Amino acid sequence: MTARRRDKAPNQADVARLAGVSQSAVSRVVSGDTATNRIPEETRQRILHAVRQLGYVANPAARAMRKKRNNLLGVHTFEPVFPHAREDFYFEFLLGIEERAEETGFDLVLFTSTGVGGGGERKIYRDGTNRLNLADGSILLGVATNRDELARLWYEGYPFVHIGRREVPGAEIPSVIPDYRSASARIVEKLAGHGHRRLGYVREYLEMEPYEDRRTGYAEAVARLGLTDHSPGFHGEQGISDAWLDELARGSGTAVVVESVRLANSLRDGLSARGLKVPDDVSVAVLEGAPPDPGGRWDSLEIPRIEIGRMAVDRLRALLDDPDERTESLLVDCAVIPGTTIADAR
């Protein structure tokens, strides 16, 4: 059963939504801040009406918690992600978290143990107890996110920020989110600018929000620009089939967008086996960060992982500074990095 927050006492975010104002305006009005003289009287009255309508009462216990910190921020990963090499995907997220925590006077606690009987899955709750309570608040990351635990954390009001978009029915998960949707669209626009009209798409086996965002951005751009894509991947098939590679070799498309470097390498090998070269015969772009390799640098996305880690610390600190605040998720732009795998259509 999904935890819901409907029965909890209203907070300032609820008042702000009902009154149609910013949460900072609500905070100034209900706290008696002298800055309220800069708020129009009509707006002030609308806020007070929403306060009365919702029965909002300031939370003195939450405010008092601000004075009882131990200056510890938690980092919880839902699977082993502690880097063994600088090339590890999570390394730069962790580096950004560490940098910003140090700059702002916080120590970090890395939660790595699993729950009893968890089958290797890293659990937040053990015997009904939130293990993250050791820290003032926590940053969560990883692929195998436990959505039930996210919902419970949110329902209980524990301060946390998730790196990456995760949808949990009935909960508003505060997140710092790489904007894969917009970046995927820009890659399609780049291909169209090189004259490519017939595209193909190769998808990973994962069905998660980051991949949904990539697929949505790609599909929207294909439709908007009047391009065509008859590939199996565009219609939901995972991986790369020999039958589709044969079609590609016969000229069914001039460019392919791939969700991962792993699949891009497989695509290049499959094309090479059929006498085709990237980008001479088929242009290829990758929808994730792609380091240079002996075959040239993939045209790809750049995820600002260090900056996202730093932003996650700042968002968490904002939650700790104002426990009444329901922090909105933050969308972070991903750059399109030029490489050597896109050429003009032939």
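No experiment lies behind these values; they were computed from the predicted model shown. (Residues numbered from 1 in each chain as written. Predicted model: local features only at pLDDT ≥ 70, side-chain atom pairs only at ≥ 80, totals over all residues. Heavy atoms only, no water.)

Examining helix H5 (residues 91–103)
Here is the rule: Only DSSP runs of H or I covering at least 4 residues are called helices, and only runs of E covering at least 2 are called strands; the numbering of each starts at the N terminus. In this scheme, a helix's expected span is set at 1.5 Å multiplied by one less than its residue total. Relative accessible area decides the class of each residue, using a 1.4 Å probe on protein chains only: under 20% of the type maximum gives buried, over 50% gives exposed, and in between gives partly exposed. What makes two residues a contact is simply this: any of their non-hydrogen atoms within 4.5 Å.
For H5, spanning 13 residues, the distance from its first C-alpha to its last is 18 Å, which sits close to the expected 18 Å at 1.5 Å a residue. Listed in full, the buried residues belonging to H5 are Phe91, Phe93, Leu94, Gly96, Ile97, Arg100 and Ala101. Where the residues of H5 are buried, they touch strand S1 (72–77), strand S2 (107–111), strand S5 (137–141), strand S6 (160–163) and helix H11 (305–321). Gly105 occupies a position one or two residues after H5 and carries a positive phi of about 85°.

Some details on the pattern of salt bridges
Pairing between side chains becomes possible if they bear opposite charge and their charged atoms approach one another. Going by this rule: The term salt bridge refers to a pairing of a side-chain nitrogen on Lys or Arg with a carboxyl oxygen on Asp or Glu at a separation within 4 Å.
Enumeration over the complete set of coordinates arrives at 24 salt bridges. In this structure, Asp299 and Lys190 form a salt bridge, with 2.7 Å as the shortest nitrogen-oxygen distance. One end of the pair, Asp299, is in strand S12 (residues 299–302); the other, Lys190, is in helix H7 (residues 180–193), with 109 residues separating them in the sequence. Relative accessible area serves as the criterion here: at 24%, Lys190 is assigned to the partly exposed category. Each member of the salt-bridge network shares a partner with another, and the members are Glu99, Arg100, Glu103, Arg310, Asp314 and Arg317.

Side note on the environment of Val286
Checked against the element boundaries, Val286 lands in strand S11 (residues 283–286). A C-alpha to C-alpha distance of 6.9 Å links Val286 and Leu301, two positions 15 residues apart in sequence. Ignoring anything within four residues of it in the chain, the contact list for Val286 reads Ile187, Val258, Ser260, Val261, Ala264, Trp298, Asp299, Ser300 and Leu301.

Points about empty space enclosed by the protein
For clarity, the cut-off: Within this scheme a cavity is a closed region of a 1 Å grid, computed over the protein atoms alone, that accommodates a 1.4 Å probe without allowing it to escape, whereas a pocket is open but has protein on both sides within 12 Å along at least five of seven lines; lining residues each have an atom within 4 Å of a point. Grid points are joined across faces, edges and corners, and a volume is the space filled by probe spheres set on the points. Amino acids outside the nonpolar list (Ala, Val, Leu, Ile, Met, Phe, Trp, Tyr, Cys, Pro) and the charged list (Asp, Glu, Lys, Arg) are all regarded as polar, and Gly is one of them.
Here the structure, examined in full by the defined rule, presents one cavity of 30 Å³ or more. The computed volume of the largest cavity comes to approximately 50 Å³. Tyr201, Val202, Pro232, Gly233, Glu237, Gln238, Gly239, Ile240, Ser241 and Trp244 are the residues that line the largest cavity. Here the lining of the largest cavity is composed, by residue class, of five nonpolar, four polar and one charged.

Examining the environment of Val282
Note on placement: Val282 falls in the loop between helix H10 (261–273) and S11. Its relative accessible area of 1% is what places Val282 among the buried residues. C-alpha of Val282 to C-alpha of Ala249: the two residues are 33 residues apart in sequence and 9.0 Å apart in space. When near neighbours in sequence (up to four residues on either side) are disregarded, Val282 contacts Leu248, Thr254, Ala255, Val256, Leu271, Leu276 and Lys277.

Focus: helix H3 (residues 41–54)
For clarity, the threshold we go by: Read the arc as the range of directions from the helix axis to the C-beta atoms.
Spanning 14 residues, H3 covers 20 Å between terminal C-alpha atoms, matching the ideal 20 Å at 1.5 Å per step. Within the span of H3, buried status applies to Thr43, Ile47, Ala50 and Val51. Down the axis of H3, the buried set is contained in an arc of 105°. They therefore lie on one face. In this structure, H3 carries Glu42, Arg52 and Gln53 as exposed residues pointing more than 90 degrees from its buried face. Two residues or fewer after H3 comes Gly55, characterised by a positive phi angle close to 70°.

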